[in-house]
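What follows is each chain in one-letter form.
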Amino acid sequence: AQKVTQAQTEISVVEKEDVTLDCVYETRDTTYYLFWYKQPPSGELVFLIRRNSFDEQNEISGRYSWNFQKSTSSFNFTITASQVVDSAVYFCALSDPGLGGSTLGRLYFGRGTQLTVWP
Amino acid sequence: KAGVTQTPRYLIKTRGQQVTLSCSPISGHRSVSWYQQTPGQGLQFLFEYFSETQRNKGNFPGRFSGRQFSNSRSEMNVSTLELGDSALYLCASSLRGALNSPLHFGNGTRLTVT
């Protein structure tokens, strides 16, 4: 069965600190996609990244970077030099075809990590 | 390009009533999916529509239903509301579902059942 675990419920850091959000996933499929979303207090889920299971290259986008390791089924997210505006709940999610072999996919979300960045 | 639009933003209903939520996807997106977010259960998948057909359904009772129109706009309906239906309902659109493209979410409709 598909499962996404974000073991860190809450993290607090001071501005300019680096912070890593952990994500561990379970799936039986060899083809799957991993996502990170940010949910600020306003409620909408903001898409950050989508990575397929065949691409293990780490990715960097500005202050954000992602480390994908299939060997440990992890897809961790690091924010470098954190800012107050980074305060939000961050969700990791998985999509795979599942038992029905769906060609569309659905998202399985972790429980989220509340990140608070203090000035 | 306009994002995903959900209406209304807030709703207050009483037990036993029914409610209809609306979602307008990003222009050109043909897949619309719905998620329920509660503090206790987190984000849970309700259903997904593509080209007016329901393609996938989560583990929710039959009181939860939806539909998609020819212009890709979608509605979800909850009948005989229960207190436990209080939640943030999020709609997401994509070109062809999460396996093929990113899902982009709307601001959500916050439903309170009293």
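All values reported here derive from a predicted model rather than from experimental measurement. (Residues numbered from 1 in each chain as written. Chains lettered and ligands numbered in written order. Predicted model: local features only at pLDDT ≥ 70, side-chain atom pairs only at ≥ 80, totals over all residues. Heavy atoms only, no water.)

Asker: Sorry, what's going on with the state of the cysteines here?
Answerer: Throughout this description, disulfide means a covalent bond between two cysteine sulfur atoms. According to the stated counting rule, one finds two disulfides over all chains in the structure shown. Here Cys23(A) pairs with Cys92(A) through a disulfide, and the sulfurs are 2.0 Å apart. The chirality of the disulfide connecting Cys23(A) with Cys92(A) is left-handed, given an S-S dihedral of about -65°. Of this pair, Cys23(A) sits in the loop between strand E3 (19-21) and strand E4 (24-26) while Cys92(A) sits in strand E10 (residues 88-95), and the two are 69 residues apart along the sequence. Each of the two residues, Cys23(A) as well as Cys92(A), counts as buried. Across the disulfide from Cys23(B) sits Cys91(B); the S-S distance is 1.8 Å. A torsion of -60° about the S-S bond marks the disulfide between Cys23(B) and Cys91(B) as left-handed. Note that Cys23(B) is positioned in strand E3 (residues 19-24) and Cys91(B) in strand E9 (residues 87-94), a separation of 68 residues in sequence. For the pair Cys23(B) and Cys91(B), a shared accessibility class is recorded, and that class is buried. (Disulfide = S-S within 2.5 Å. Helix = DSSP H or I, 4+ residues; strand = E, 2+ residues; numbered from the N terminus. Buried < 20%, exposed > 50% of the residue type's maximum accessible area, 1.4 Å probe, protein only.)

Asker: I keep staring at the packing of aromatic side chains and nothing clicks. Help me out?
Answerer: Here a ring pair, both rings aromatic, is described through the centre-centre distance and the interplanar angle of the planes. A complete count under the given rule lists 19 aromatic pairs over all chains for this structure. Seen from their ring centres, Phe35(A) and Tyr37(A) are 6.2 Å apart, and the 20° between their planes marks the pair as stacked. Its relative accessible area of 0% is what places Phe35(A) among the buried residues. Grouped by ring-pair contacts, the aromatic residues Phe35(A), Tyr37(A), Phe47(A), Phe91(A), Phe109(A), Tyr35(B), Phe45(B) and Phe105(B) constitute a single cluster. (Phe/Tyr/Trp six-rings, centres within 6.5 Å; stacked < 30°, edge-to-face > 60°.)

Asker: Explain the layout of surface pockets here, please?
Answerer: Empty space left among the atoms is revealed by rolling a probe the size of a water molecule over them. Counted as a void, the largest pocket has a volume near 530 Å³. If you trace the largest pocket, you find 27 residues lining it, with Gln39(A), Val89(A), Phe91(A), Gln114(A) and Gln37(B) closest to the centre. Elements supplying a minimum of two residues to the lining of the largest pocket: E10 and strand E12 (113-118) of chain A together with strand E4 (31-38), strand E5 (42-50) and E9 of chain B. When residues in the lining of the largest pocket are grouped by element, the largest group, three residues, is from E10(A). Of the residues in the lining of the largest pocket, the class split is ten nonpolar, 14 polar and three charged. In this structure, the second largest pocket spans a volume of roughly 320 Å³. When residues of the lining of the second largest pocket are traced back to their parent elements, those giving at least two are strand E1 (3-5) and strand E11 (108-109) of chain A together with E5 of chain B. (1 Å grid on protein atoms, 1.4 Å probe; cavity = no way out; pocket = protein on both sides within 12 Å on 5 of 7 lines; lining within 4 Å. Points joined across faces, edges and corners; volume = space filled by probe spheres on them. Nonpolar A, V, L, I, M, F, W, Y, C, P; charged D, E, K, R; others polar.)

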